[in-house]
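Descriptive analysis of the structure
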Amino acid sequence: MPLTVVEHALATHILTQLRDEMTPFEQYRALTHNLTQILLTEATRHLLLSPKTIRTPMEEMSGAELAKPIVVVPILRAGLGMLSAVTELLPNAHVGYIGLQRDEETAVARSYYCKLPDMAGATAIILDPMLATGGSAEQAIMYLQAEGAEQIILICAVAAPEGAAYLIERFPDTHIVAGAIDRRLNEQKYILPGLGDFGDRLFGT
Ligand code: PRP
Ligand code: URA
């Protein structure tokens, strides 16, 4: 299951607002938050559960809880806009940060920060709204694999077919969950139709 494109009317509705060049940046945080919660619901659909016996006020029953620790890893800076949506639904998740920035000329991402909690045996959920060439996600996945993450899920709002194909071939065990797969990259490695520079639109830069 390397790629899931979330087909959901509400996700499409929110994504259309994020794409619209008329949407002001002050609406961007709430839209990003809301879309991320829909994508996260899909991304966590098949997480491993372990049985847990509890008592309701009425009687004992067999329930279940998530079996593996979750570490959520926003890619700075745009991935920060997705973080609160995840910690709201997964308050026990530990948080790691990876800072990556694409060079404006070459579109190759340069790593400038990495702070991760114990990843051994964890399910890592990478947050990055844009998957363009796949270079940033590639570096993030390599960090997490090196630290012992057992399972890696990448959540993005919009993916380019080029970047998605690259990651699927390179990391067939990573599950990519995207709000949409767009047409292609342009010469500057921006996604078409895309939504422009997510970080700039989110933070008003
Ligand atoms: C953007 C985006 C991804 C990356 C995707 O970040 O948030 O991290 O580009 O491109 P890629 O798949 O070609 O690597 P950017 O480098 O612009 O940094 P920012 O989040 O600080 O704006
Ligand atoms: N990063 C963005 O923010 N947008 C793109 O289209 C590509 C990379």
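Let us look at the structure shown here.

Conventions and cut-offs
- Residues numbered from 1 in each chain as written.
- Chains lettered and ligands numbered in written order.
- Predicted model: local features only at pLDDT ≥ 70, side-chain atom pairs only at ≥ 80, totals over all residues.
- Heavy atoms only, no water.
- Helix = DSSP H or I, 4+ residues; strand = E, 2+ residues; numbered from the N terminus.
- Rg over C-alpha atoms; globule rule 2.2 N^0.38 Å.
- Buried < 20%, exposed > 50% of the residue type's maximum accessible area, 1.4 Å probe, protein only.
- Contact = heavy atoms within 4.5 Å.
- Areas by Shrake-Rupley, 256 points an atom, 1.4 Å probe, with all protein chains shown as cover.
- Lys, Arg positive; Asp, Glu negative; His and termini not counted.
- Charge placed at Lys NZ, Arg CZ, Asp CG, Glu CD.
- Core = buried A, V, L, I, M, F, W, Y, C linked by side-chain atoms within 4.5 Å.
- Near = heavy atom within 4 Å.
- Polar contact = N/O pair within 3.5 Å; in protein donor to acceptor, adjacent residues only side chain to side chain.
- Nonpolar A, V, L, I, M, F, W, Y, C, P; charged D, E, K, R; others polar.
- Phe/Tyr/Trp six-rings, centres within 6.5 Å; stacked < 30°, edge-to-face > 60°.
- Pairing = 2+ DSSP bridges.

**Points about the overall build of the protein chain**
Counting its secondary structure elements, the protein chain contains six helices and 13 strands. In terms of overall dimensions, the protein chain is globule-like: its C-alpha atoms have a radius of gyration of 17 Å, near the 17 Å expected for 205 residues. The dimensions of the protein chain, computed from C-alpha atoms along their principal axes, are 60 × 35 × 30 Å. Relative to its 205 residues, the protein chain shows a buried fraction of 46%. Considering only contacts in the protein chain between residues 6 or more positions apart, those separated by 24 or more positions represent 64%. Total accessible area on the protein chain stands at roughly 10,800 Å², and carbon and sulfur atoms take up 52% of it. Charged side chains of the protein chain number 15 positive and 24 negative; the gap between the two group centres comes to 1 Å.

**Remarks on the nonpolar core**
Counting 37 residues, the largest nonpolar core has Leu18, Leu35, Leu127 and Ile155 as the members making the most contacts within it. Listed by contribution, the elements that provide at least two residues to this core are α1 (9-19), α2 (25-43), β4 (70-76), α3 (83-89), β8 (123-127), β10 (151-159), β11 (175-181) and α6 (198-203). Sorting elements by how many residues they give to this core places α2 first, with seven residues. When sequence neighbours within four positions are dropped, the list of residues in contact with Leu18 reads Tyr28, Leu31, Thr32, Leu35, Leu195 and Arg201. Membership of the second largest hydrophobic core comes to 25 residues, among which are Ala149, Ala164, Leu167 and Phe171.

**Examining the site of ligand 2**
In the region of ligand 2, the neighbouring residues are Arg102, Met130, Ala132, Lys189, Tyr190, Ile191, Gly196, Asp197 and Phe198. A distance of 2.8 Å separates an oxygen atom of ligand 2 from a polar backbone atom of Ile191. Gly196 places a polar main-chain atom, nitrogen or oxygen, 2.8 Å from a nitrogen atom of ligand 2. In the complex, 89% of the free accessible area of ligand 2, which totals 240 Å², lies under the protein chains. Across the shell around ligand 2, the residue classes tally to five nonpolar, one polar and three charged.

**Observations regarding the site of ligand 1**
Taken together, 14 residues sit near ligand 1, with Arg102, Asp128, Thr133, Gly134 and Ser136 positioned nearest. Between Ala78 and ligand 1, the recorded distance is 3.1 Å, taken from a backbone N or O atom to an oxygen atom. Between ligand 1 and Arg102 there is a distance of 2.7 Å, counted from an oxygen atom to a backbone nitrogen or oxygen. Burial of ligand 1 by the protein amounts to 93% of the accessible area it has alone, namely 500 Å². At the level of elements, β6 (97-102), β9 (130-131) and α4 (135-146) are the ones that each hand at least two residues to the shell around ligand 1. Tallying contributions element by element places β6 first for the shell around ligand 1, with three residues.

**Structural notes on the packing of aromatic side chains**
Across all of its chains, the model carries one aromatic pair by this definition. Where Tyr28 meets Phe198, the ring centres are 5.4 Å apart and the plane angle is 65°; that geometry is what we call edge-to-face. One end of the pair, Tyr28, is in helix α2; the other, Phe198, is in helix α6, and 170 residues separate them in sequence. Across the pair, exposure class does not vary: Tyr28 and Phe198 are buried alike.

**Let's talk about the pairing of strand β7 (residues 109-115)**
Where β6 and β7 come together, six bridges link them in antiparallel fashion. Residue pairing in the sheet places Gln101 in a bridge with Arg110 of β7. Hairpin remark: β6 followed by β7, antiparallel, with six residues in the connecting loop; positive phi at Ala107, about 65°.

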